[in-house]
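Chain residues, written in single-letter form:
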Amino acid sequence: MNDIDSLLRSFIYAFKGFGWMLFNERNFRIHLTCFVYMAYFLFRYDFFVLTRVEYAILILAAAIVIGGEMINSGIEKADDSVTRETIHTIKISKDVAAGAVLVFAIASVFVGLVLLWQPEAFRLLFNHYAENPVYLISLLFSFVVAFLFIFKVNNKFIRKMKKKYFQKKGNK
């Protein structure tokens, strides 16, 4: 196998890992949904005044939370592959990894508060939705879709996709 094939395979494995997280980890979907809403409001409207560096900091903070959730899930799955029994050291490793994600998430919220605490921007955003009921209805509908995505993603279609793309051949 040459270097280009190896590189391409590594990207394929990375995308499979991302897809597995999307279909299997509720907390990952929560973090991802929060990021999508943040990005939408920041890039769709010009109400918030941020420098490029501040945008980069917000994106990096969100990426750290999402990446931390992926590392946490990887640690949990690796620990589960050792044994399903309650072993004190495995419990500690899972708890510490989950605690790390909590620290990342709290820090990310504080970064967001520091950079986005712009009452005038929130007032303009509120007025925009108050003056445009179609946009308000669309936003409310998106909340329903986001809720279903986060909590009901394990429906028949998703199970079929998981079976097709994320299970080894021969496994049922």
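Above this text is the structure in question.
These lines cover the structure that appears in this document, whether it is placed above or below. (Residues numbered from 1 in each chain as written. Predicted model: local features only at pLDDT ≥ 70, side-chain atom pairs only at ≥ 80, totals over all residues. Heavy atoms only, no water.)

Take the overall build of the chain next. Across its full length, the chain carries seven helices and zero strands. Along its sequence from the N terminus, the chain presents helices and strands in the succession α-α-α-α-α-α-α. Within the chain, the fraction of its 172 residues that count as buried is 28%. Accessible surface, the chain as shown: approximately 12,400 Å² in total, 69% of it carbon and sulfur. (Helix = DSSP H or I, 4+ residues; strand = E, 2+ residues; numbered from the N terminus. Buried < 20%, exposed > 50% of the residue type's maximum accessible area, 1.4 Å probe, protein only. Areas by Shrake-Rupley, 256 points an atom, 1.4 Å probe, with all protein chains shown as cover.)

Turning to helix α2 (residues 26–44), a few remarks are in order. With 19 residues, α2 should cover 27 Å at 1.5 Å per step; its first-to-last C-alpha distance of 26 Å lies within 8% of that length. Among all positions of α2, only F28, R29, H31, L32, T33, Y37, M38, A39, F41 and L42 are buried. Summarising the contacts, the buried residues of α2 are in contact with α1 (3–24), α3 (52–82), α4 (88–116), α5 (119–131) and α6 (133–151). (Expected span 1.5 Å × (residues − 1). Contact = heavy atoms within 4.5 Å.)

Residues L102, I106, V109, F110, L113 and W117 make up a contiguous nonpolar surface patch of roughly 660 Å² in combined accessible area. Note that W117 resides in the loop between α4 and α5. (Patch = residues over 30% accessible without salt bridge, like charges linked within 9 Å, V, L, I, M, F, W, Y side chains within 5 Å. Salt bridge = Lys/Arg side-chain N within 4 Å of Asp/Glu carboxyl O.)

Okay, the pattern of salt bridges next. In total, this model carries three salt bridges according to the counting rule given. With its nearest N and O atoms 2.3 Å apart, the salt bridge here joins E120 to R123. Linking E120 with R123, this pair stays in helix α5, spanning three residues, or about one helical turn. Residue class for R123 comes out partly exposed when judged on its relative accessible area of 40%.

In a packed pair of helices, the relevant descriptors are the angle between the two axes and the axis-to-axis distance. α3 packs onto α1 with a crossing angle of 85° between their chain directions and a minimal axis gap of 11 Å. Judged by the angle between their axes, α1 and α3 are roughly perpendicular. When α1 is examined against α3, the residues G17, F18, W20 and M21 are found in contact with a partner set consisting of E69, M70, S73 and K77. Looking at the contact of α1 with α3 residue by residue, the classes come out as four nonpolar, two polar and two charged. (Axes fitted to C-alpha atoms, helices over the stretch in contact; angles between N-to-C directions. Parallel < 35°, antiparallel > 145°, perpendicular 65-115°, else oblique. Nonpolar A, V, L, I, M, F, W, Y, C, P; charged D, E, K, R; others polar.)

Take the packing of aromatic side chains next. Scanning the entire structure with this criterion turns up 12 aromatic pairs. Summarising the aromatic geometry, the rings of Y40 and F41 are spaced 5.4 Å apart at their centres and angled 65° between planes, so their arrangement reads as edge-to-face. What makes Y40 partly exposed here is its relative accessible area of 36%. The buried category is assigned to F41, whose relative accessible area is 16%. Plain terms: the ring middles of F41 and Y129 are 6.4 Å apart, the flat faces sit at 80° to each other, and that makes the pair edge-to-face. Of the two residues, F41 is situated in helix α2 and Y129 in helix α5; the sequence distance between them amounts to 88 residues. Y129 sits in the buried class, given a relative accessible area of 7%. Sitting over the ring of Y135, R44 keeps its end group 5.8 Å from the ring centre. (Phe/Tyr/Trp six-rings, centres within 6.5 Å; stacked < 30°, edge-to-face > 60°. Lys NZ or Arg CZ within 6 Å of the ring centre and 35° of its normal.)

Relative to the helices and strands, R29 is located in helix α2. Although R29 is buried, it makes no salt bridge; E25 carries the closest opposite charge, 7.5 Å away. At 3.1 Å, the side chain of R29 and the backbone oxygen of L22 are in polar contact. (Lys, Arg positive; Asp, Glu negative; His and termini not counted. Polar contact = N/O pair within 3.5 Å; in protein donor to acceptor, adjacent residues only side chain to side chain.)

One way to put it is that α2 packs onto α6 with a least axis distance of 9 Å and a crossing angle of 160°. On the basis of the axis angle, α2 is roughly antiparallel to α6. In terms of crossing hand, the pair formed by α2 and α6 is right-handed. Side by side, α2 and α6 meet where R26, R29, I30, T33, Y37, F41 and R44 of the first sit next to Y135, L139, S142, F143, A146, F149, I150 and F151 of the second. Of the residues contributing to the contact of α2 with α6, the split by class is 10 nonpolar, two polar and three charged. (Left-handed = near helix turned anticlockwise from the far one by under 90°.)

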